[in-house]
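A look at the structure
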Amino acid sequence: MKTVIWWIRRDLRLTDNQALHAALQAADAVVPLFILDDNILNSAYVGDKQVAFMFAGLQTLAEDLEKLGSALILRRGDPPVELMKVVAETGASAVYAERANSPYAKTRDEAVAAMVDLHLTAGVSIQAPWEVLKKDNTPYTVFTPYKKRWYALLKPEHRAVLPAPDRVPAPAEMPESLMLPSAPELAQPLRYVAGEAAAQAMLRDFVSRTTQGVPALVQYDDQRDFPSIDGTSSLSGHLRFGMLSVRQAANAALDIIQQPQLSKVQRDNASVWVSELIWRDFYMSILHHFPHVYAGNFRADYDKIDWRNDEAEYQAWCEGRTGYPIVDAAMRQLVQTGWMHNRARMIVASFLVKDLLIDWRWGEKFFMQHLIDGDPAANNGGWQWAAGTGTDAAPYFRIFNPMSQSKKFDANGDYIRQYVPELAKVPKKYIHAPWEMPPLEQTLAKCQIGQDYPKPIVDHKMARERTLAAYKASKEAMKAN
Ligand SMILES: Cc1cc2nc3c(=O)[nH]c(=O)nc-3n(C[C@H](O)[C@H](O)[C@H](O)COP(=O)(O)OP(=O)(O)OC[C@H]3O[C@@H](n4cnc5c(N)ncnc54)[C@H](O)[C@@H]3O)c2cc1C
């Protein structure tokens, strides 16, 4: 009897799992193994909400495997060491896993490949970083041409979706497994149900809701920028842990886009959602080809920015006490729920970097500590985009004005009122800049500025000029080097 190991990492699912599929084709028996890696669990870049979400996903995967006559084997420790123990215990002749792209994962997998027959399959992205290259085989650094090439290179294998297996045959004797440790205690229950079944239901709902109303997918571009509207898929956490295959997600949308009854507007709306999945591939490609972004700026021009890094202002940002309602609502959404709307992510990132002149890496780390979907590639890409230090960065002089962003994307202040209850009674006229409320209005709204809700910690106009000067000085200093 030939036994192999399915080494599960970021692919907590049975449907469209290329590593599991290859393992099942190669052997008579498959041992599904997950190793809790203390290097990751104890990292300052991993937070309780994300761990709790992952544990919940592992629990449902274990239950799903049991239904297929198998079991999830759980170990804890240094992955190569623990993996080799299970290889020895089971007599497994090979290991199958989904290829991961982070520098840490690559080093880990190289160590494993030196000891055992390791087969790495696609799946973490739709197209791999080494597939979407320019004609001269160099990587893209600008999104739009990358996307064009991404579409041109779409092959039948990218359009496939593998069904979940009916059975995962177990060896005569399964190795021992640890019990899943209890999840970290959270102040609030997780916002989303983890696991494959929940992810499949969310995807179905997003692309083809059949109850009244139009599916969110075909009005995505019209709705995606308003944080008070449930207009995006909210699938990022599930995609982060592979509870849903990103290939399946893209194909669900691409199939709908081809339906003849769709209007051009609906088709365009849905295509924008596919573009977001392509952004995900793009940032994985950037991290693969330019691993220096992990530690610093993509563009060296900004290596000499004289960050202010004021601790008290940073704390105010983390706790949603900046005095800018849209920023505070978003930061409280993050800390309470482990998710933040994309428009809000751009606003708070711009505020930290451009209004407070705090190093984007501080924000990147805080996001990783709180986001359920915290992903090294997407998070780094998002932060460098906002800081203007990244690939096709917004030019650094484009600095978000928090009041105009708020007026445009949360016009009635619904999002603000949801997360900043002190401002619940503030009239619409003042909700984006409550410090402008006259004393009588403050009394009527039961919100004394400076007492019930902070005064703005920084003046946006002054901060804008300060940042322009700091970025310009860095560029000049680097040029003089
Ligand atoms: C500063 C900053 C930090 C971010 N950090 C992360 C992160 O750690 N993890 C993460 O998954 N996304 C990150 N994003 C991207 C984006 O905000 C989230 O993916 C999105 O808000 C998740 O909500 P959703 O699932 O409803 O997305 P949808 O709008 O439904 O999009 C579908 C999927 O596409 C992917 N996606 C969407 N936008 C992006 C993008 N700009 N870059 C890469 N992938 C994208 C996600 O997997 C998402 O689930 C960040 C953006 C910014 C500006």
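Our structure is the block above this text.
Right, let's walk through the structure included here. (Residues numbered from 1 in each chain as written. Predicted model: local features only at pLDDT ≥ 70, side-chain atom pairs only at ≥ 80, totals over all residues. Heavy atoms only, no water.)

**Some thoughts on the pattern of salt bridges**
- This structure, assessed with the given rule, holds 21 salt bridges.
- The partner of Arg-9 in a salt bridge is Asp-109, and the shortest N-O contact between them spans 2.8 Å. Highlighted residues: Arg-9 in the loop between β1 (3–8) and α1 (18–26) and Asp-109 in helix α5 (residues 103–113), separated in sequence by 100 residues.
- Residue classification places Arg-9 among the buried positions, given a relative accessible area of 10%.
- Accessibility expressed as a relative area gives 5% for Asp-109, which makes it buried.
- Among the ionic pairs, Asp-255 bridges to Arg-159, the shortest N-O distance being 3.0 Å. Pair noted here: Asp-255 is in helix α10 (residues 246–257) and Arg-159 is in the loop between α6 (143–152) and α7 (196–208), with a separation of 96 residues, a long-range link. (Salt bridge = Lys/Arg side-chain N within 4 Å of Asp/Glu carboxyl O. Helix = DSSP H or I, 4+ residues; strand = E, 2+ residues; numbered from the N terminus. Buried < 20%, exposed > 50% of the residue type's maximum accessible area, 1.4 Å probe, protein only.)

**Details of the site of the ligand**
- Residues in contact with the ligand amount to 28 residues; listed here are only the nearest, Tyr-220, Thr-232, Ser-233, Ser-234 and Asn-342.
- Side-chain polar atom of Trp-339 to an oxygen atom of the ligand: 3.3 Å apart, as the coordinates give it.
- Here the ligand, which alone exposes 820 Å², has 95% of that area covered by the protein.
- Taking a 2 Å distance to the grid points as the criterion, the majority of the atoms of the ligand fall inside the largest pocket.
- Of all the secondary-structure elements, those providing two or more residues to the shell around the ligand are α9 (236–240), α11 (264–289), α14 (342–355) and α16 (376–387).
- A total of 6 residues in the shell around the ligand trace back to one element, the largest contributor, which is α11.
- Among the residues forming the shell around the ligand, the class breakdown is 15 nonpolar, 8 polar and 5 charged.
- Summarising the domain contributions, the shell around the ligand has at least three residues from each of domain 2 (125–161 + 194–289) and domain 3 (300–480). (Near = heavy atom within 4 Å. Polar contact = N/O pair within 3.5 Å; in protein donor to acceptor, adjacent residues only side chain to side chain. Areas by Shrake-Rupley, 256 points an atom, 1.4 Å probe, with all protein chains shown as cover. 1 Å grid on protein atoms, 1.4 Å probe; cavity = no way out; pocket = protein on both sides within 12 Å on 5 of 7 lines; lining within 4 Å. Sits in = over half its atoms within 2 Å of the grid points. Nonpolar A, V, L, I, M, F, W, Y, C, P; charged D, E, K, R; others polar. Domains from an automatic or database assignment.)

**Overview of the nonpolar core**
- Core analysis: the biggest nonpolar cluster contains 77 residues, and Trp-6, Leu-12, Phe-34, Met-54 and Trp-273 have the highest contact counts within it.
- In terms of residue count, the dominant contributor to this core is α11 (11 residues).
- Counting residues in each nonpolar core, the second largest holds 55 residues, with Ile-305, Leu-423, Val-426 and Ala-433 among its members. (Core = buried A, V, L, I, M, F, W, Y, C linked by side-chain atoms within 4.5 Å.)

**What to know about the layout of surface pockets**
- If you add up the space inside the largest pocket, you get close to 1200 Å³.
- Looking at the largest pocket, it is lined by 42 residues, and the ones nearest its centre are Glu-276, Trp-279, Asn-342, Arg-345 and Ala-378.
- Within the residue set of the lining of the largest pocket, elements represented by two or more residues are α6, α9, α11, α14 and α16.
- Counting residues per element, the lining of the largest pocket draws most heavily on α11, which supplies 8 residues.
- Looking at the lining of the largest pocket residue by residue, the class counts come to 19 nonpolar, 11 polar and 12 charged.
- Counting the residues that make up the lining of the largest pocket, at least three belong to each of domain 2 (125–161 + 194–289) and domain 3 (300–480). (Points joined across faces, edges and corners; volume = space filled by probe spheres on them.)

**Points about the packing of aromatic side chains**
- This structure, assessed with the given rule, holds 27 aromatic pairs.
- These aromatic residues form a ring-pair network of at least three members: Tyr-140, Phe-143, Tyr-146, Trp-279, Phe-282 and Tyr-283.
- Positioned over the ring face of Trp-7 is Arg-9, at 4.4 Å from the centre of the ring.
- Above the ring of Trp-360, the side-chain terminus of Arg-361 is found at 5.3 Å from the ring centroid. (Phe/Tyr/Trp six-rings, centres within 6.5 Å; stacked < 30°, edge-to-face > 60°. Lys NZ or Arg CZ within 6 Å of the ring centre and 35° of its normal.)

**A closer look at empty space enclosed by the protein**
- Summed over the entire model, instances satisfying the criterion amount to 4 cavities of 30 Å³ or more.
- Approximately 90 Å³ is the volume attributed to the largest cavity.
- Listing elements by their share of the lining of the largest cavity, those giving two or more residues are α11 and α16.
- For the lining of the largest cavity, the class distribution of residues is 8 nonpolar, 5 polar and no charged.
- The residue makeup of the lining of the largest cavity includes at least three contributed by each of domain 2 (125–161 + 194–289) and domain 3 (300–480).

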